[in-house]
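If you want the building blocks of each chain, they are given just below.
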Amino acid sequence: MTRPVGIEAMNVFGGVAFLDVRELCDHRGLDMPRFENLLMQEKSVALPYEDPVTFAVNAAKPLLDAMTPAERTRIEMVVTCTESGIDFGKSLSTYLHRYLDLPSNCRLFEIKQACYSGAAGLQMAANFVLSGTSPGGKVLVVTTDISRFALADAGAVEEWAYSEPSSGAGAVAMVISDTPHILALDAGAYGNHAFEVMDTCRPGPDTEAGDADLSLMAYLDCAAGAVGDYLRRVEGADFRESFSQLCFHTPFGGMVKGAHRHLMRKLYKAKPDEIAGDFEVRLGPSLSYGKRVGNTAGGSVFVALAGTIDTAGIDAPVRIGLFSYGSGCCSEFFSGVAGPESAARLGGMGISAEFDKRYRLSIAEYERLLAGDAVVRFGTKDAELDHQIIPGAWPADGAGTRLVLDKVVGYHRHYIWV
Amino acid sequence: MDSDQIVDIIIGEIRETVPELADRPIGRGDSMADLGVDSIERSEIILATLEAVGLKVPMVQLHGPRNIGELADLIDAKKSG
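- As annotated in an unreviewed UniProt entry, chain B carries the name Acyl carrier protein and is attributed to Rhodobium orientis.

- Taking an unreviewed UniProt entry as the reference, chain A is identified by name as 3-hydroxy-3-methylglutaryl-ACP synthase belonging to Rhodobium orientis.

This is the structure:
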């Protein structure tokens, strides 16, 4: 298996507004004496005129803009990966197709498996490329998720006290092809672990439910199981030695720390000092962006990957191990190689600089958004969006490169560039 | 090994994981959450206890107990079963 495949180009979009997580915890009166251990700082908050489509398009646009017309015509499939869908039938990919002006000879669909969706999308795309049925064909894979969990009712905020600070919003766009400039996947090197469990779910429009303890347990079981399956498949692989860097699905940093500790104890009976040092070196860089946008669900493991490539100081090819977990549950551990070119190309996206441009919401503004009056709920037939709901957040001097939701007419969402 | 001995192991792991609880009386009826042990720490305590008693089961099978005594009973049952 020598045919190259992987991520050719990649971008992360973290929305137009964020909230300081410590300020939120203080405001909620959460007893978090060991707050630092959770490794959270900021979270992106979707404004009412931002939805899974705007996040996805805004993440993908810079990738498409950087392509030649000839390259764009080779995008033959658009896979949106989400648990924040806006319609049971029509996929988000159809909106991406319109607003990214993609070729008409294209497969469009959406896939779901909680936070595992992005890894599923990537693997489906990679296998399409490897199949050789359309040599040179490219796939646009976009993860896009937003959390509006408090919309359900007033009690939801209380019930979800400890997940509210970690729930974020964000999209990751990736072009998958046979020219993997960002991450060359180790084709055939992967491990899965899956079983049915009711840990967290989205049982109805705009509602989330779950059991944080059970979800953590399932995550830990899957980390051990998926890594174990990878080691079974890949001769000579070793969790401690084979991967210079690691990127895990990151609900919040503390959970990744727990899973890493579990693996190091289970596989090597490693001592606390060694575990802490290894975490700092191999997982520290992966938390760089997650702690700024919060849990981005399907995109979380790729937000971690972007953080690693941008901040780990990669000056020679390194093998990166990636672990994706999605409630319900399914998980995968897989790997790829990134190098100096990856860092140079991803750096060109200016991901961190874009995060810096976000508007910082006050608690009062955030609470107003939480009330949900201005949000377009699932199934809305007609609506006009108030673009001045948070005046400071509106990109008044925009260059026409940012997509926002303008109105809904007969269930059809209409967007504008600002 | 019986359930009471497992309770002792769990309490020992709690004190090890959360040093702030070193001097606090802890018994069968206490729940780790009420003691202020967070979810990550709870999982570590359970994993360490499984290691100490030599039991290999998926973590999700140990979900449900409402206090330390119930957790010990469940581990004891899995061990015997």
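So, the packing of aromatic side chains
All names here are of chain A.
At step 1: Applying the stated rule across the entire model yields 13 aromatic pairs over all chains.
At step 2: Ring geometry for tyrosine 230 and phenylalanine 243: centres 5.5 Å apart, planes at 65°, overall edge-to-face. Within this pair, whereas tyrosine 230 is found in helix H8 (residues 212-233), its partner phenylalanine 243 is found in the loop between H8 and strand S11 (245-248), the two being separated by 13 residues in sequence. Taken as a pair, tyrosine 230 and phenylalanine 243 share a single burial class, namely buried.

Digging into the sheet that holds strand S15 (residues 383-384) of chain A
All names here are of chain A.
At step 1: Taking strand neighbours across the sheet as the criterion, the three strands line up as S15-S16-S17 in an open arrangement whose pairing is antiparallel. In the strand order of this sheet, the two ends are held by S15 and strand S17 (412-417), each with one partner.
At step 2: Direction of pairing for S15 relative to strand S16 (residues 403-409): antiparallel, over a ladder of two bridges. Along S16, the bridge assignment pairs alanine 383 with valine 408.
At step 3: Running over the sheet, helix H5 (residues 92-99) touches S16 and S17 and is turned about 35° from S17.

Regarding the interface of chain B and chain A
At step 1: Contacts between the two partners involve 20 residues from chain B and, on the opposite side, 17 residues from chain A.
At step 2: Area buried by chain B at its contact with chain A is led by Ile40, Val60 and His63 of chain B, which between them contribute 36% of it.
At step 3: Between chain B and chain A we count three salt bridges in total.
At step 4: With a closest N to O distance of 2.2 Å, arginine 261 of chain A and glutamate 44 of chain B form a salt bridge.

Description of the pairing of strand S10 (residues 207-210) of chain A
At step 1: Pairing between strand S9 (residues 200-204) of chain A and S10 of chain A: three bridges, direction antiparallel. When the sheet's bridge partners are listed, glycine 204 of chain A is paired in S10 of chain A with threonine 207 of chain A.

Details of the side chain of histidine 387 of chain A
All names here are of chain A.
At step 1: By the secondary structure assignment, histidine 387 is in the loop between S15 and S16.
At step 2: The exposure class of histidine 387 is buried, given its relative accessible area of 12%.
At step 3: In contact with histidine 387, other than residues within four places in its own chain, are Tyr49, Trp394, Val404, Leu405, Asp406 and Ile416.

Regarding the nonpolar core
At step 1: Of all hydrophobic cores here, the largest spans 66 residues; its most connected members are Phe248, Phe323 and Phe333 of chain A together with Ile14 of chain B.
At step 2: Looking at which element gives the most residues to this core, the answer is H8 of chain A, with twelve residues.
At step 3: Setting aside residues no more than four positions away along its own chain, phenylalanine 333 of chain A makes contact with Tyr190, Gly191, Ala226, Val227, Tyr230, Phe239, Phe243, Leu246, Phe248, Gly321, Leu322 and Phe323 of chain A.
At step 4: Core analysis: the second largest hydrophobic core is formed by 53 residues, Leu19, Val78, Cys106 and Val175 of chain A among them.

As for the state of the cysteines
Residue and element names in this part refer to chain A.
At step 1: Applying the stated criterion across every chain, the model contains zero disulfides over all chains.
At step 2: Distance from the sulfur of cysteine 247, which forms no disulfide, to the nearest cysteine sulfur (cysteine 115) is 16 Å.
At step 3: On the basis of relative accessibility, which here comes to 0%, the residue cysteine 247 falls in the buried class.
At step 4: Free cysteine cysteine 329: the closest other cysteine sulfur is in cysteine 222, separated by 3.7 Å.

Thresholds applied
- Residues numbered from 1 in each chain as written.
- Chains lettered and ligands numbered in written order.
- Predicted model: local features only at pLDDT ≥ 70, side-chain atom pairs only at ≥ 80, totals over all residues.
- Heavy atoms only, no water.
- Phe/Tyr/Trp six-rings, centres within 6.5 Å; stacked < 30°, edge-to-face > 60°.
- Helix = DSSP H or I, 4+ residues; strand = E, 2+ residues; numbered from the N terminus.
- Buried < 20%, exposed > 50% of the residue type's maximum accessible area, 1.4 Å probe, protein only.
- Pairing = 2+ DSSP bridges.
- Contact = heavy atoms within 4.5 Å.
- Axes fitted to C-alpha atoms, helices over the stretch in contact; angles between N-to-C directions.
- Buried area = accessible area lost by both parts, 1.4 Å probe.
- Salt bridge = Lys/Arg side-chain N within 4 Å of Asp/Glu carboxyl O.
- Core = buried A, V, L, I, M, F, W, Y, C linked by side-chain atoms within 4.5 Å.
- Disulfide = S-S within 2.5 Å.

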